[in-house]
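Fold and geometry: a report
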Amino acid sequence: MPRSNILQHNLSLLKSSSIAEKHSKDIKSKFWATYKKVADEYDDDFLQQVHGDIGIILTFVHLLLCF
């Protein structure tokens, strides 16, 4: 699929998306608002997973150092 078709497809998805900011009339503003919202959700999920993994690693390190 050519790049222009992919961009048009993504733009149409963003226009019909329920995540897109409805109060903004500028398409670029809608895109970046949606991008920020999705990126923040991804970052939050990633940080929660890493935080859990770090807790497990620190527990095992503590157990290894105690013996």
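Details of the structure are given in the entry above.
Definitions and limits used
- Residues numbered from 1 in each chain as written.
- Predicted model: local features only at pLDDT ≥ 70, side-chain atom pairs only at ≥ 80, totals over all residues.
- Heavy atoms only, no water.
- Helix = DSSP H or I, 4+ residues; strand = E, 2+ residues; numbered from the N terminus.
- Buried < 20%, exposed > 50% of the residue type's maximum accessible area, 1.4 Å probe, protein only.
- Salt bridge = Lys/Arg side-chain N within 4 Å of Asp/Glu carboxyl O.
- Patch = residues over 30% accessible without salt bridge, like charges linked within 9 Å, V, L, I, M, F, W, Y side chains within 5 Å.
- Areas by Shrake-Rupley, 256 points an atom, 1.4 Å probe, with all protein chains shown as cover.
- Lys, Arg positive; Asp, Glu negative; His and termini not counted.
- Charge placed at Lys NZ, Arg CZ, Asp CG, Glu CD.
- Phe/Tyr/Trp six-rings, centres within 6.5 Å; stacked < 30°, edge-to-face > 60°.

**Concerning the overall build of the protein chain**
- Helix and strand counts for the protein chain come out as two helices and zero strands.
- Out of the 67 residues in the protein chain, the part that is buried amounts to 6%.

**Description of the pattern of salt bridges**
- Applying the stated criterion across every chain, the model contains one salt bridge.
- Salt-bridge contacts for Lys36 lead to Asp40; the nearest nitrogen and oxygen are separated by 2.8 Å. Pair noted here: Lys36 and Asp40 are both in helix H2 (residues 27-66), with a separation of four residues, about one helical turn.
- On the basis of relative accessibility, which here comes to 51%, the residue Lys36 falls in the exposed class.
- Its relative accessible area of 33% is what places Asp40 among the partly exposed residues.

**What to know about a negative patch on the surface**
- On the surface, Glu41, Asp43, Asp44 and Asp45 cluster together into a negatively charged patch.
- Examined against the element boundaries, Asp45 turns out to sit in helix H2.

**Some thoughts on the packing of aromatic side chains**
- According to the stated counting rule, one finds four aromatic pairs in the structure shown.
- Aromatic pair Phe31 and Trp32: ring centres 4.8 Å apart, planes at 80°, arrangement edge-to-face.
- Their ring planes at 25° and their centres at 6.3 Å tell us that Phe31 and Tyr35 sit as a pair that is stacked. With Phe31 and Tyr35 both in helix H2, this residue pair falls four residues apart, about one helical turn.
- Among the aromatic residues, ring-to-ring pairing joins Phe31, Trp32 and Tyr35 into one connected group.

**Structural notes on a nonpolar patch on the surface**
- Where nonpolar side chains cluster on the molecular surface, the patch consists of Tyr42, Phe46, Leu47, Val50, Ile54, Ile57, Leu58, Val61 and Leu65 and spans about 900 Å² of accessible area.
- Relative to the assigned elements, Leu47 resides in helix H2.

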